[in-house]
Amino acid sequence: MGQQTEQGQEDILKRLKQAKAIAAKVGDRYVDISALETKSQETSDTLGQGQQTIEPVTVESPEGLGIYRHSTSHIMAHAVKELFPDAKVTIGPATEEGFYYDFDQETPFTPDDLVKIEKKMIQIIKKNNPFVRKVVSKADAIQLFKDMGETYKVEIIEEIEDDVVSLYEEGEFVDLCRGPHVPSTGRINAFKLLKTAGAYWRGSEKNKMLQRIYGTAFANETQLKDYLNFLEEVKKRDHRKIGKELDLFSINDEIGAGLILWHPNGAIIRKTIEDFWRDEHIKANYSLLYTPHIAKLNLWQRSGHLDFYKENMYAPMEIEGADYELKPMNCPFHVAIYNSSLRSYREFPIRYAELGTVYRYERSGVLHGLMRVRGFTQDDAHIFCRIDQIEDEILNVLDFTLFVLKTFGFEQYDIYLSTRPEKYVGSLDNWEISTNALTKALTTKELKYEVDPGEGVFYGPKIDIKVKDSLKRQWQCSTIQVDFNNPERFDITYRGADDKEHMPIMIHRALMGSLERFFGVLIEHYGGVFPLWLSPLQLSILTVSDRHIAFAQELVDLFKKNGIRVEGDFGNEKIGYKIRHASMRKVPYTVLIGDKEAQTATLTVRKRSGGNIVYNSREELLDFLKQEINNKT
RNA sequence: GCCGAGGUAGCACAGUGGUAGUGCAGCUGAUUCGUAAUCAGCAGGUCGUGGGUUCAAAUCCCAUCCUCGGCUCCA
């Protein structure tokens, strides 16, 4: 029976009210609360037949928050239409962080406009207009929006397959919308408009550029403030800002956009990372390689890069009549080394690793500090093996990757398995075997992962690992990809136990992805407060007055001889000034040398985080530092 | 590439047509001082670059390079 008693309905409404619901979930559908109040045809359709569960939806749930933000975006569109009657509305969805609405509007919105729009929105919220859902025929809707001059809405409606569409009316503002919405505008407690941006209609640069306004909304002011604080924290940790403050790297107009200059402080961090990386690769039975930065065009023809990667490659340069190309990837070189001699199955798996610098053309608008550059060094490796060895190799690589990430303080990550896309090379058999091998490796490791169907690279399935930094932001660094393409294209083989020729499988993998990007992520993850082993300067020795210089110099020499990155600050400034100076540069430890220290063997060490530790001798301090460096914590 | 905002001393910023400024950093001198800024003096800029308008341009116009926020894609 689709009929509900008056009593039952009232109970439900009461329950929703008590739960402070902004919408309801009926079965697996989200509906307006008003849908439960009225008894229209559509309502009974919505409620369906028989007994479906009816759950309150609150702003506390992700879905509820999405509905809430979507309603806020409607209110914003309403405000914009009142202030800018000529603006045409397009779409305005909720996003993970908030919402946006795109308008077709001649003059872009200014920051002042945002303030005006916010004020207008507050008025609309105060009016507490109900959101009224109306279902009309497509033809009626088209006519309605045509009359209003809302051509984008007409375009959207024409593409909707149903015979009817729903409209939401709130005050004088009507918008095409699937819904649901909060019951009335007064339900919005806390929102903020954040920024404006250009955005193409339907995301295609062939279409007109629209004006987008981003905003966000939360259940209450406290949560909104927390979010705004988070944005502040993100700004504070911006690797470009910290990179300047700590003198880590720079980008120079005259050298070129997207090309990184590693300053001494950044370079020593990179050197430390690279040393760690090489040592661990040797331990893990990889062979290290070096390969050139350019190669003949023919190589890139054969590898297929000219077919599928041309947009990201620089124009060739002619050298003695032959064209050479700056390398966008390292794989063909590694294949060439594989091919430099006949290979036997007994050598397998062959693991080649290189910190290979590649150059890729990126459009000027997408460059971003260290995160998106035009020249970068990949921590690349290629594993050549038999198809039955894939699973073991993936297991190894997974262990290795997680170990490396953990060393840099990344303990949380999300893992994605991408399967065969529509356009692909290689046999279906190989795809199946290798996808199964990846899956099995993940389940053996009991790693949680999500499947991205059809998101694999055309040459094979892959596993991507996205780390979460200290602000819980996701960064994709590691990738493990099976490759059927290169072995075929370069026709590489090995001699099997059966004395026949076979084609090996290649696995590409990068743990950190690109050193530049990884460095950027590290800077933001640590907020510039690097652990001791990575800190450019590990120890600063400060003198209280000139008569302590000789003694302090002795200590500097001792620590330097023992591999500690140490400086002596012997200037004639006051001690407070020197401490501040070290503190601003985030030096992990400082030692003050005054009369006390010159007379006793005791050393008092000031930690970057504040607080002192006392050591009985310089050797004791040295041991402590060495141990902390070794622990990489 | 497209839309918008920017580019002034090493850094952070002020300066709307009339002799380029402030703070920090730097250098010099004084001070020799015990846990986040001692004092004084000095020096530092063809105002991103190239054109144009004007008696006069950091300032107005055009072009160009770069940076930033997005769009698209990704490491």
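Residues numbered from 1 in each chain as written. Chains lettered and ligands numbered in written order. Predicted model: local features only at pLDDT ≥ 70, side-chain atom pairs only at ≥ 80, totals over all residues. Heavy atoms only, no water.

1. Some words on the packing of aromatic side chains
Tallied over the full model, the rule gives 28 aromatic pairs. Note on Y352 and F384: the rings are 5.8 Å apart at their centroids and 70° apart in plane angle, and the pair reads as edge-to-face. One end of the pair, Y352, is in strand β17 (residues 350-359); the other, F384, is in strand β18 (residues 375-385), with 32 residues separating them in the sequence. The exposure class assigned to Y352 is buried, which follows from its relative accessible area of 7%. (Phe/Tyr/Trp six-rings, centres within 6.5 Å; stacked < 30°, edge-to-face > 60°. Helix = DSSP H or I, 4+ residues; strand = E, 2+ residues; numbered from the N terminus. Buried < 20%, exposed > 50% of the residue type's maximum accessible area, 1.4 Å probe, protein only.)

2. Details of the environment of L288
Looking at the element boundaries, L288 is found in strand β13 (residues 287-288). With a relative accessible area of 32%, L288 lands in the partly exposed category. C-alpha of L288 to C-alpha of I549: the two residues are 261 residues apart in sequence and 45 Å apart in space.

3. Some thoughts on the pattern of salt bridges
On inspection of all chains with the given rule, the structure shows 37 salt bridges. Taking the shortest distance from any N to any O, the salt bridge between K120 and E82 comes out at 3.5 Å. With K120 in helix α5 (residues 111-127) and E82 in helix α4 (residues 62-83), this pair connects stretches of sequence that are 38 residues apart. Among the residues examined, K120 registers a relative accessible area of 18% and is labelled buried. The shortest N-O distance in the salt bridge between K462 and D464 comes to 3.0 Å. D464 shares its class with K462; the two are buried. Among the charged side chains, a network of salt bridges with common partners joins R270, E274, R278 and E516. (Salt bridge = Lys/Arg side-chain N within 4 Å of Asp/Glu carboxyl O.)

4. Section: the sheet that holds strand β29 (residues 603-607)
Pairing within the open sheet is mixed, and its 5 strands lie in the order β27-β26-β28-β29-β30. In the strand order of this sheet, the two ends are held by β27 (566-569) and β30 (612-615), each with one partner. The mean angle between the axes of side-by-side strands here comes to 25°, regardless of whether they run parallel or antiparallel. Inspection of the sheet shows β29 paired to β30 by 4 bridges, in the antiparallel sense. Residue pairing across strands places V605 opposite I613, the latter belonging to β30. Those strands touched by helix α19 (residues 575-584) are β26 (539-543), β27, β28 (589-593) and β29, and its axis lies near 170° from that of β26. Relative to the sheet, helix α21 (residues 618-631) contacts β26, β28, β29 and β30, its axis offset from that of β30 by approximately 125°. (Pairing = 2+ DSSP bridges. Axes fitted to C-alpha atoms, helices over the stretch in contact; angles between N-to-C directions. Contact = heavy atoms within 4.5 Å.)

5. Quick notes on the protein's contact with RNA strand B
RNA strand B sits among 52 residues. The nearest are D253, S364, R517, N572 and R580. What you see for RNA strand B is that sugar and phosphate hold 49% of its atoms within 4 Å of the protein. With respect to RNA strand B, the backbone of G369 contributes an N or O atom lying 3.5 Å from a phosphate oxygen. Q476 is positioned with one of its backbone polar atoms (N or O) 2.9 Å from a sugar or linking oxygen of RNA strand B. Among the elements of the structure, β9 (190-200), β10 (209-218), α9 (239-245), β22 (474-483), α19 and α20 (595-599) are those that each provide at least two residues to the surface near RNA strand B. When residues of the surface near RNA strand B are assigned to their parent elements, the largest contribution, 6 residues, is made by α19. Considering only residue class, the surface near RNA strand B consists of 18 nonpolar, 16 polar and 18 charged. (Near = heavy atom within 4 Å. Polar contact = N/O pair within 3.5 Å; in protein donor to acceptor, adjacent residues only side chain to side chain. Nonpolar A, V, L, I, M, F, W, Y, C, P; charged D, E, K, R; others polar.)

6. Some points on the pairing of β17
In terms of burial, β17 is a largely internal element, 9 of the 10 residues being buried. Relative to β18, β17 runs antiparallel, the two being bridged by 10 bridges. Counted as the bridge partner of V358 is F376 from β18.

7. Brief notes about the domain arrangement of chain A
Structurally, chain A comprises domain 1 (6-57), domain 2 (62-228), domain 3 (267-291 + 330-526), domain 4 (292-326) and domain 5 (539-631). Between the C-alpha centres of domain 1 and domain 2 there is a distance of 25 Å. Each partner contributes residues to the interface: domain 1 has 10 residues there, and domain 2 has 12 residues. In this assembly, domain 1 packs against domain 2 so that about 890 Å² is buried in total across both faces, 57% of it on carbon and sulfur atoms. Between domain 1 and domain 2 we count 3 residue pairs in polar contact (both at pLDDT 80 or more) in total. For the side of domain 1 that touches domain 2, a count of residues per class yields 7 nonpolar, no polar and 3 charged. (Domains from an automatic or database assignment. Buried area = accessible area lost by both parts, 1.4 Å probe.)

8. A few points about the sheet that holds strand β16 (residues 322-326)
The 3 strands are arranged β14-β16-β15 in an open sheet whose pairing can be described as antiparallel. For this open sheet the edge positions go to β14 (294-296) and β15 (317-319), each flanked by a neighbour on one side alone. Put simply, the sheet's adjacent strands are angled 40° from each other on average, direction ignored. Note that β15 and β16 share 3 bridges and pair antiparallel. Opposite I319, over in β16, you have A322 as the bridge partner.

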